[in-house]
Amino acid sequence: MLHLLDYFLQQLIFALAIGAIYGLIALGYTMVYGVMRLINFAHGEFFMLGPYVYTFVLTGLVAIGGVTPALDSTLAIVASFVTIGLLGVAVERFAYRPLRGYGRLAPMLSALGMSIILQSAVRVFVGPQPIHFPAIIPNSPIDMFGGMVTTVQIGILVAAILLMAGLTMFVNGTRLGIWIRAASENWVTSSLLGIRVNRAVSLIFFIGPGLGAMAGIMYASYYGIMQPTMGSTIGLKAFTAAILGGIGSIPGAMLGGFLLGAIEVFGTAFLPIVSGGLIGTEYRDVFSFAVLIVVLLFKPAGLLGETVSEETTVAKKDY
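Residues numbered from 1 in each chain as written. Predicted model: local features only at pLDDT ≥ 70, side-chain atom pairs only at ≥ 80, totals over all residues. Heavy atoms only, no water.

Peer 1: Would you take a moment to explain the overall build of the protein chain for this structure?
Peer 2: A count of helices and strands for the protein chain gives 11 helices and 4 strands. When each of the 319 residues of the protein chain is scored for burial, the buried share is 47%. Within the protein chain, contacts between residues at least 6 apart in sequence are counted, and of these 76% link residues at least 24 apart. For the protein chain, the exposed area adds up to about 15,200 Å²; of that, 71% sits on carbon and sulfur atoms. (Helix = DSSP H or I, 4+ residues; strand = E, 2+ residues; numbered from the N terminus. Buried < 20%, exposed > 50% of the residue type's maximum accessible area, 1.4 Å probe, protein only. Contact = heavy atoms within 4.5 Å. Areas by Shrake-Rupley, 256 points an atom, 1.4 Å probe, with all protein chains shown as cover.)

See below:
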């Protein structure tokens, strides 16, 4: 029994760390959908680009002498957030904004096109092969209540929680956060009240991709590898987490991420034991999506989502 509790603790920390990564990516999906009613299929590529920008900046800092390893890593992380955030703003400005007045299908197809373009650009300029990602912090084991966890797992969990808390305080306690929440309710009314809707949209396209880049750096740091296709699978899982929690809801994205992480990890850990080896770890994705389907059958808007009326989807070409 003691061994089982230790094993459970290890899997719990792993589930929280992976779930935190899913939650950070899901925040980008849910913020864009909450304001624009658009599924940004290019968001997985922002997640993928984060580790590449980090590595490029860190390599450049080391080449010119750098300062200290910790400061170099910090500067590379900040540069990744800002660079990917600005890229997200540019994508919205030139690929999505001109299509606002043409229904939902045109921006969605544009998002799919941007996803292919970004992934292909990395393949061409960097190469399709997986690349080793440098460790940000040493991956050392920690004995916690009898279970073994790692410093990387703890670091990912702490960093993700801080980012989530910071976003929550920003959206709920600042003037720019009020702009975002007002735009998510109704664009026309917000504009009449003096809120600059386009600035609110640009802001979410800066924050969302920036958080996705941070999640990408955490993911690459945990597994020690990055590759151009990593955004496709993980982006789809994060999108699933956003739907599970209630797409359009920031708390829902966080909850969905942690739930999906728990479903994956505990399913992988205990299903082979419970089934006597009949169900292996290769079925973890099937199990995760099956749980999603069951939840949506009983609560189509997700756990914390609300049904959206057509009035809130107003997005005129003139904005």
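Here the narrative resumes.
Peer 1: For this particular structure, what's the right way to read the nonpolar core?
Peer 2: Core analysis: the biggest nonpolar cluster contains 80 residues, and L27 and Y96 have the highest contact counts within it. If one sorts the elements of this core by residue count, helix 1 (residues 2-36) sits on top with 17 residues. Aside from chain neighbours lying at most four places away, what touches Y96 is L38, N40, A42, V91, P107, S110, A111, M114 and F205. (Core = buried A, V, L, I, M, F, W, Y, C linked by side-chain atoms within 4.5 Å.)

Peer 1: Looking at this structure, how should I read the packing of helix 5 (residues 151-173) against helix 8 (residues 197-223)?
Peer 2: Viewed as axis vectors pointing N to C, helix 5 and helix 8 meet at an angle of 170 degrees, and their least axial separation amounts to 10 Å. In terms of their interaxial angle, helix 5 and helix 8 are classed as roughly antiparallel. Only L203, I207, L211, M214, M218, S221 and Y222 of helix 8 make contact with helix 5, whose side of the interface consists of V152, Q153, I156, A159, A160, L163, L167 and F170. Looking at side-chain class alone, the contact of helix 5 with helix 8 contains 13 nonpolar, 2 polar and no charged residues. (Axes fitted to C-alpha atoms, helices over the stretch in contact; angles between N-to-C directions. Parallel < 35°, antiparallel > 145°, perpendicular 65-115°, else oblique. Nonpolar A, V, L, I, M, F, W, Y, C, P; charged D, E, K, R; others polar.)

Peer 1: Could you clarify how one ought to interpret a nonpolar patch on the surface in this entry?
Peer 2: Judged by side-chain polarity, L255, L259, L303 and L304 come together as a nonpolar surface patch covering roughly 270 Å² of accessible area. Mapping L303 onto the fold places it in the segment after helix 11 (284-298). (Patch = residues over 30% accessible without salt bridge, like charges linked within 9 Å, V, L, I, M, F, W, Y side chains within 5 Å. Salt bridge = Lys/Arg side-chain N within 4 Å of Asp/Glu carboxyl O.)

Peer 1: Is there a simple way to explain the side chain of E45 in this structure?
Peer 2: Here E45 lies in helix 2 (residues 43-63). It turns out E45 is buried and unbridged, and the closest side chain with the opposite charge, R123, is 8.5 Å from it. A polar contact of 3.2 Å, which involves the side chain of E45, links it to the side chain of Q119. Ignoring any residue separated from it by four or fewer positions in sequence, one finds E45 in contact with S115, L118, Q119, P228, G231 and S232. (Lys, Arg positive; Asp, Glu negative; His and termini not counted. Polar contact = N/O pair within 3.5 Å; in protein donor to acceptor, adjacent residues only side chain to side chain.)

Peer 1: Can you help me understand the pattern of salt bridges in this one?
Peer 2: Where charged atoms from two side chains of opposite charge come close, those side chains can pair. For the coordinates displayed, the defined rule picks out 3 salt bridges. Taking the shortest distance from any N to any O, the salt bridge between R100 and E92 comes out at 2.7 Å. Neither residue differs from the other here; R100 and E92 are each classed as buried. For the salt bridge of K237 with E264, the shortest nitrogen-to-oxygen distance reads 3.1 Å. Of the two residues, K237 is situated in helix 9 (residues 230-245) and E264 in helix 10 (residues 250-274); the sequence distance between them amounts to 27 residues.

Peer 1: Explain the environment of A42 here, please?
Peer 2: With respect to the element layout, A42 can be found in the loop between helix 1 and helix 2. Taking the relative accessible area as the measure of exposure, A42 reaches 0% and is therefore buried. For the pair formed by A42 and A111, sequence separation is 69 residues and the distance between their alpha carbons is 5.4 Å. When near neighbours in sequence (up to four residues on either side) are disregarded, A42 contacts Y96, A111, M114 and S115.

Peer 1: Hey, could you run me through unusual backbone geometry in this one?
Peer 2: Residues other than glycine predominantly adopt negative phi, and peptide bonds predominantly adopt the trans conformation. Positive phi values are uncommon outside glycine, yet R37 reaches one of about 55 degrees. In this structure, R37 sits in the loop between helix 1 and helix 2.

Peer 1: How do you make sense of the packing of aromatic side chains when you look at a structure like this?
Peer 2: Per the counting criterion, the structure on display carries 9 aromatic pairs. Considering the side-chain rings of Y96 and F205, the 5.7 Å spacing of their centres and the 55 degrees angle between planes classify their relative orientation as tilted. Of the two residues, Y96 sits in helix 3 (residues 69-96) while F205 sits in helix 8, which places them 109 residues apart along the sequence. Comparing Y96 with F205 shows no difference in burial state: the two are buried. Through a chain of ring-to-ring contacts, three or more aromatic side chains come together here, namely F14, F47, Y219, Y222 and Y223. Taking the ring centre of Y33 as reference, the NZ or CZ of R37 above it sits at 5.7 Å. Across from the ring centre of F94, 5.6 Å away, lies the NZ or CZ of R93, which sits over that ring. (Phe/Tyr/Trp six-rings, centres within 6.5 Å; stacked < 30°, edge-to-face > 60°. Lys NZ or Arg CZ within 6 Å of the ring centre and 35° of its normal.)

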